[in-house]
Amino acid sequence: MTIERLTLSDTVAREIIEEIKQRRLRAGDEIPAEGELSERHGVNRLAVREAIRTLTARGVLVSSQGKRARVATPSPAVLTQILEFRLNQKSMALRDLLDTRRVIECELARRAAARIAAGHGSTAEAERTLDTMLDAGASPEAFIAADLAFHNAVSDLAASEVFSFILAAMNGALLDARRTSYRGREQRGEGQGTTIEAHRRVLDAITAGDPERAAQAMADHIEETGRDLGF
């Protein structure tokens, strides 16, 4: 068993996070000044400054010279960096990450369809992204951007903040995989029509308010992506 050894600044960072929670500070709210934090936690200003740097790097705080640090808007960027690093270091398998995406996105498609069946939300944004994919023509980056926009639209419709946050982080880490998948379809001579049709089947099931069909359509779509990647 590994025992975690915390530096003084790590301890202060944890205490600042706890204070943010207890005071229910929201994005944009200022935290106390360095001097006040130093006195409150019984440490020198250097430890406080280092704790703020650490929390800024983690995306918890936003800091700028001469101003008090503020609570940051939650962003999946830090998680994206971790996932990308592990993929690059081969300490995480792309297949596993894609499988995790399948689990999350199938559930999001299911929830989106259930909400439509209950009379909540609209599929208008997802429809617009399909039109954008059709208009992308031979531009890989435009097509991939529209592809991502479709999945984000389904995620928004599902109204699951946790799943949506994780998916956003994974989308960044899987961007190169999407490019590889795009090239794989081109090499097979299938073009991008098959991808658009796969998205259409997902959206049709959501529009029909059929959760299980929506989840299955999403699973089939991601399985196709896996084949493009050689899995």
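Below is a short write-up of the structure. (Residues numbered from 1 in each chain as written. Predicted model: local features only at pLDDT ≥ 70, side-chain atom pairs only at ≥ 80, totals over all residues. Heavy atoms only, no water.)

## Side note on helix 5 (residues 94-117)
As a reminder, the rule being used: Per the convention used, a helix needs a DSSP run of H or I reaching at least four residues, while a strand needs a run of E reaching at least two, with both numbered from the N terminus. Expected span, for any helix, means 1.5 Å times one less than how many residues it has. Each residue's exposure class comes from its accessible area (1.4 Å probe, protein chains only) as a fraction of the maximum for that residue type: buried when under 20%, exposed when over 50%, partly exposed otherwise. By definition in these notes, contact holds between two residues if any of their heavy atoms fall within 4.5 Å.
Over its 24 residues, helix 5 extends 34 Å from the first C-alpha to the last, a length consistent with the 34 Å expected when each residue adds 1.5 Å. If you check which residues of helix 5 are buried, you get Leu 97, Leu 98, Arg 101, Ile 104, Glu 105, Cys 106, Leu 108, Ala 109, Ala 112, Ala 113 and Ile 116. Residues of helix 5 that are buried sit in contact with helix 4 (77-88), helix 7 (140-158), helix 8 (161-173), helix 9 (175-187), helix 10 (193-207) and helix 11 (211-228). Looking one or two places after helix 5, you find Gly 119, whose phi comes out positive at around 85°.

## Quick notes on unusual backbone geometry
If a residue is not glycine, its phi is most likely negative; likewise, a peptide bond is most likely trans. Phi at Arg 24 is positive, roughly 55°, even though this residue is not glycine. Mapped onto the elements, Arg 24 comes out in the loop between helix 1 (8-23) and helix 2 (34-41). Even without being a glycine, Lys 90 presents a positive backbone phi close to 65°. In this structure, Lys 90 sits in the loop between helix 4 and helix 5. According to the relative accessible area criterion, Lys 90 is exposed, its value standing at 72%.

## A few points about helix 11
Over its 18 residues, helix 11 extends 26 Å from the first C-alpha to the last, a length consistent with the 26 Å expected when each residue adds 1.5 Å. On the buried face of helix 11, the contacting elements are helix 5, helix 7, helix 9 and helix 10. Just beyond helix 11, the residue with positive phi is Gly 230, at close to 85°.

## Let's talk about the packing of helix 2 against helix 3 (residues 45-57)
Threshold: To obtain an axis, a line is fitted to C-alpha atoms, over the contacting stretch when the element is a helix, and the angle between two such axes runs from 0 to 180 degrees between their N-to-C directions. For classification purposes, an angle smaller than 35 degrees is called roughly parallel, one larger than 145 roughly antiparallel, one from 65 to 115 roughly perpendicular, and anything else oblique. Crossings are classed by handedness, with left-handed meaning an anticlockwise turn of the near helix from the far one by less than a right angle and right-handed meaning a clockwise turn. Under this grouping Gly is polar, as are all residues other than the nonpolar Ala, Val, Leu, Ile, Met, Phe, Trp, Tyr, Cys and Pro and the charged Asp, Glu, Lys and Arg.
Look at helix 2 against helix 3: their axes get within 9 Å of each other, and the N-to-C directions meet at 110°. Taken together, the axis directions place helix 2 and helix 3 in an arrangement best described as roughly perpendicular. In this structure, the crossing between helix 2 and helix 3 has a hand that is right-handed. Contact residues: helix 2 offers Glu 34, Gly 35, Leu 37 and Ser 38, while helix 3 offers Arg 45, Val 48, Arg 49 and Ile 52. A breakdown of the residues in the contact of helix 2 with helix 3 according to their chemical character gives three nonpolar, two polar and three charged.

## Side note on the environment of Ile 82
Mapped onto the fold, Ile 82 is located in helix 4. Along the chain, Ile 82 and Ala 169 lie 87 residues apart, while their C-alpha atoms are 9.3 Å from each other.

## Observations regarding the nonpolar core
Under the convention used in this document: In these notes, a set of buried Ala, Val, Leu, Ile, Met, Phe, Trp, Tyr and Cys residues joined through side-chain atoms within 4.5 Å is what counts as a nonpolar core.
In this structure, Leu 97, Phe 150 and Ile 206 are the most contacted members of the largest nonpolar core, which totals 41 residues. Among the secondary structure elements, those contributing two or more residues to this core are helix 4, helix 5, helix 6 (124-135), helix 7, helix 8, helix 9, helix 10 and helix 11. Considering each element in turn, this core owes the most residues, nine residues, to helix 5. For Phe 150, the contacting residues outside a window of four places in its chain are Ala 126, Thr 129, Leu 130, His 199, Val 202 and Leu 203.

## So, the side chain of Arg 178
Turning to its location among the elements, Arg 178 is positioned in helix 9. Given a relative accessible area of 8%, Arg 178 falls into the buried group. With near-sequence residues (within four places) excluded, Arg 178 lies in contact with Arg 101, Glu 105, Ile 144, Asp 147, Leu 148, His 151 and Asn 171.

## So, the packing of aromatic side chains
Heads up, the rule is: Only Phe, Tyr and Trp rings take part, Trp by its six-membered ring, and two of them pair if their centres are within 6.5 Å. Stacked means planes under 30 degrees apart, edge-to-face means over 60, and tilted covers everything else.
Per the counting criterion, the structure on display carries one aromatic pair. Judged by centre distance (5.7 Å) and plane angle (65°), the ring pair of Phe 143 and Tyr 182 falls under edge-to-face. Taken together, the positions of Phe 143 in helix 7 and Tyr 182 in helix 9 put the pair 39 residues apart, joining distant regions of the chain. Its relative accessible area of 1% is what places Phe 143 among the buried residues. With a relative accessible area of 3%, Tyr 182 lands in the buried category.

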